[in-house]
Amino acid sequence: MKNVTIAAAIAASVLASPAMAQEKGDFSGVKATAIAGYDNIDLDIAGIDNVDGFLYGASLGYDIQSGNVVYGVELEATESTGNTTIAGERVEAGRDLYAGGRLGFVVGDAALLYAKAGYTNARLSSPGLGGDNGDGVRVGAGIEYLLSDNMFARGEYRYSNYEAGVSRNQGLVSLGMKF
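Residues numbered from 1 in each chain as written. Predicted model: local features only at pLDDT ≥ 70, side-chain atom pairs only at ≥ 80, totals over all residues. Heavy atoms only, no water.

Asker: Summarise the packing of aromatic side chains; cite the residues concerned and give the values.
Answerer: Applying the stated criterion to the full structure yields one aromatic pair. Aromatic pair Phe-54 and Tyr-56: ring centres 6.0 Å apart, planes at 20°, arrangement stacked. For Tyr-56, a relative accessible area of 38% corresponds to the partly exposed category. Over the face of the ring belonging to Phe-152 we find Lys-31, whose NZ or CZ atom lies 5.1 Å from the ring centre. (Phe/Tyr/Trp six-rings, centres within 6.5 Å; stacked < 30°, edge-to-face > 60°. Buried < 20%, exposed > 50% of the residue type's maximum accessible area, 1.4 Å probe, protein only. Lys NZ or Arg CZ within 6 Å of the ring centre and 35° of its normal.)

Structure below.
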């Protein structure tokens, strides 16, 4: 009886393995992500150095996988600690909102290489003087790696170009959950 139980357990694990392998590469679903990274803003003002800061925030998205192709949409809100002084006034990088799409290709069982593009709106402000919003376009590329059925990690580079010659380069890592 003991041998029958062991044989049944081995058979069950062998039969379940193909199903588990198919699920491992599934990138479809609703995703929530915590974001952190490096933020570099070029204000396009002569004599003013680029503004460096720490980027943090969150995103919410939805991906659909068809074979090895993954496409989806995402919304994101981030904040930056970057600040500088212009003509004696402190200028702070504020929130950055993003809405866009992404297209990727599954590589191996657990990795997704992707490119993204969309609309972004960033805020720069000066305490006591108010702030200004800038509309722009963001493009980026990254890799997403499945850590488990519902957890993943990302590494991403992105470039944003706003009105008035302002641009932004960001490198980030993120940890997310798939629902």
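Asker: Hey, could you go over the pattern of salt bridges for me, with residue numbers and the actual values?
Answerer: In total, this model carries 15 salt bridges according to the counting rule given. Arg-138 is the partner of Glu-76 in a salt bridge, and the nearest nitrogen-oxygen pair spans 3.2 Å. In this pair, Glu-76 is assigned in strand 3 (residues 69-80) and Arg-138 in strand 7 (residues 130-146), connecting sequence segments 62 residues apart. As far as the burial class goes, Glu-76 and Arg-138 line up, both buried. A salt bridge links Arg-102 to Glu-144; its shortest N-O distance comes to 2.7 Å. You can see Arg-102 sitting in strand 5 (residues 89-107) and its partner Glu-144 sitting in strand 7, a full 42 residues away along the chain. Both residues of the pair, Arg-102 and Glu-144, count as buried. (Salt bridge = Lys/Arg side-chain N within 4 Å of Asp/Glu carboxyl O. Helix = DSSP H or I, 4+ residues; strand = E, 2+ residues; numbered from the N terminus.)

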